[in-house]
Amino acid sequence: MIKIIIGRKGSGKTKLLVDMVNEAAKVSLGNVVCIEKGDTLTYSVTHKARLIDADSFAISGYGEYYGMVAGIKSGNHDVTHIFGDATLRIGTRDYDELCAFFERISKIEDVEFVFTVSADKEELPKKLFDIAEVCN
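On a predicted model such as this, the values are computed, not experimentally measured, just so you know.

Within this structure, the stated rule accounts for seven aromatic pairs. A centroid spacing of 5.2 Å and a plane angle of 35 degrees characterise the contact between tyrosine 62 and phenylalanine 101, whose relative ring orientation is tilted. Note that tyrosine 62 is positioned in helix α2 (residues 62–75) and phenylalanine 101 in helix α4 (residues 95–105), a separation of 39 residues in sequence. Ring geometry for tyrosine 65 against phenylalanine 101: centres 4.9 Å apart, planes inclined by 15 degrees, an arrangement best described as stacked. Residue tyrosine 65 is located in helix α2, and its partner phenylalanine 101 is located in helix α4; the two are separated by 36 residues in the primary sequence.

Spelled out as structure tokens, the structure:
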């Protein structure tokens, strides 16, 4: 299952994501992972969740981002949640590529995914909402 948090910069997406990460870490019987761009969430995300800075691994583009996510799950089958902040900054603002990324991600089983997307709902393609559920 893929959920997306949509909104412009400054609309509270990251705060909502952090709250969701911390709540998932409390109730998950497995592992919770949060991927960010930079290291801004270090003091906001509980130590019970694994926080990964995509920049530390030079991840850019949706192909590399998918590889990272798939590698996280394949390396640890106990991962129950993967959160991604700054999705368009790690990938690109190409919404067709974003849809393709989410289609690939949706094939990974037994993980709940939540990603932030800095855009207005109206500018995103309808196809995206067939793949992902909005949670604002």
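Turning next to the nonpolar core. Among the nonpolar cores identified, the biggest contains 34 residues, and Ile35 and Phe102 are the most heavily contacted of them. Of all elements in the fold, only β1 (2–6), β2 (31–36), α2, β4 (79–84), α3 (87–90), α4, β5 (112–117) and α5 (126–131) reach the threshold of two or more residues within this core. Excluding residues within four positions of it along the chain, phenylalanine 102 makes contact with Ile2, Ile4, Phe115, Leu128, Ile131 and Ala132. In this structure, Ala24, Cys34, Leu41 and Val45 belong to the second largest nonpolar core, which totals 14 residues.

At alanine 58, a residue that is not glycine, the phi angle is positive and equals roughly 55 degrees. Mapped onto the fold, alanine 58 is located in the loop between β3 (50–53) and α2. Positive phi values are uncommon outside glycine, yet aspartate 110 reaches one of about 65 degrees.

On to the environment of isoleucine 72, then. Its place among the elements puts isoleucine 72 in helix α2. Sequence separation between isoleucine 72 and valine 33 is 39 residues; the distance between their C-alpha atoms is 8.5 Å. Setting aside anything within four residues of it in sequence, one finds isoleucine 72 in contact with Val33, Ile35, Ile52, Val79 and Ile82.

Moving on to the layout of surface pockets. The space that makes up the largest pocket amounts to roughly 310 Å³. Contributing to the lining of the largest pocket are 17 residues, with Lys13, Thr14, Ala86, Arg89 and Ser118 lying nearest its centre. Elements represented by at least two residues in the lining of the largest pocket include exactly α1 (13–27) and α3. At three residues, α3 tops the list of elements feeding residues into the lining of the largest pocket. Class assignment of the residues belonging to the lining of the largest pocket gives a composition of two nonpolar, eight polar and seven charged.

Where α2 contacts α4, the two axes come as close as 10 Å, and the packing angle between them is 20 degrees. Viewed along their axes, α2 and α4 adopt a mutual orientation that is roughly parallel. When the axes of α2 and α4 are compared, the crossing they make is right-handed. In this structure, α2 uses Tyr62, Tyr65, Tyr66 and Val69 to contact α4, whose residues at the interface are Glu97, Leu98, Phe101, Arg104 and Ile105. Of the residues assigned to the contact of α2 with α4, the class counts are seven nonpolar, no polar and two charged.

With that settled, consider the pattern of salt bridges. Under the counting rule described, the total for this entry stands at nine salt bridges. Across the salt bridge formed by lysine 37 and aspartate 55, the nearest N and O atoms sit 2.8 Å from each other. In this pair, lysine 37 sits in the loop between β2 and β3 while aspartate 55 sits in the loop between β3 and α2, placing the two residues 18 residues apart along the sequence. Under the relative-accessibility criterion, lysine 37 is labelled partly exposed at 23%. Across the pair aspartate 130 and lysine 126 runs a salt bridge, and its minimum N-O distance is 3.8 Å. With a gap of four residues between them, aspartate 130 and lysine 126 both fall in helix α5, about one helical turn apart. With respect to burial, aspartate 130 and lysine 126 carry one shared label: exposed.

What counts, and at which threshold
- Residues numbered from 1 in each chain as written.
- Predicted model: local features only at pLDDT ≥ 70, side-chain atom pairs only at ≥ 80, totals over all residues.
- Heavy atoms only, no water.
- Phe/Tyr/Trp six-rings, centres within 6.5 Å; stacked < 30°, edge-to-face > 60°.
- Helix = DSSP H or I, 4+ residues; strand = E, 2+ residues; numbered from the N terminus.
- Core = buried A, V, L, I, M, F, W, Y, C linked by side-chain atoms within 4.5 Å.
- Buried < 20%, exposed > 50% of the residue type's maximum accessible area, 1.4 Å probe, protein only.
- Contact = heavy atoms within 4.5 Å.
- 1 Å grid on protein atoms, 1.4 Å probe; cavity = no way out; pocket = protein on both sides within 12 Å on 5 of 7 lines; lining within 4 Å.
- Points joined across faces, edges and corners; volume = space filled by probe spheres on them.
- Nonpolar A, V, L, I, M, F, W, Y, C, P; charged D, E, K, R; others polar.
- Axes fitted to C-alpha atoms, helices over the stretch in contact; angles between N-to-C directions.
- Parallel < 35°, antiparallel > 145°, perpendicular 65-115°, else oblique.
- Left-handed = near helix turned anticlockwise from the far one by under 90°.
- Salt bridge = Lys/Arg side-chain N within 4 Å of Asp/Glu carboxyl O.

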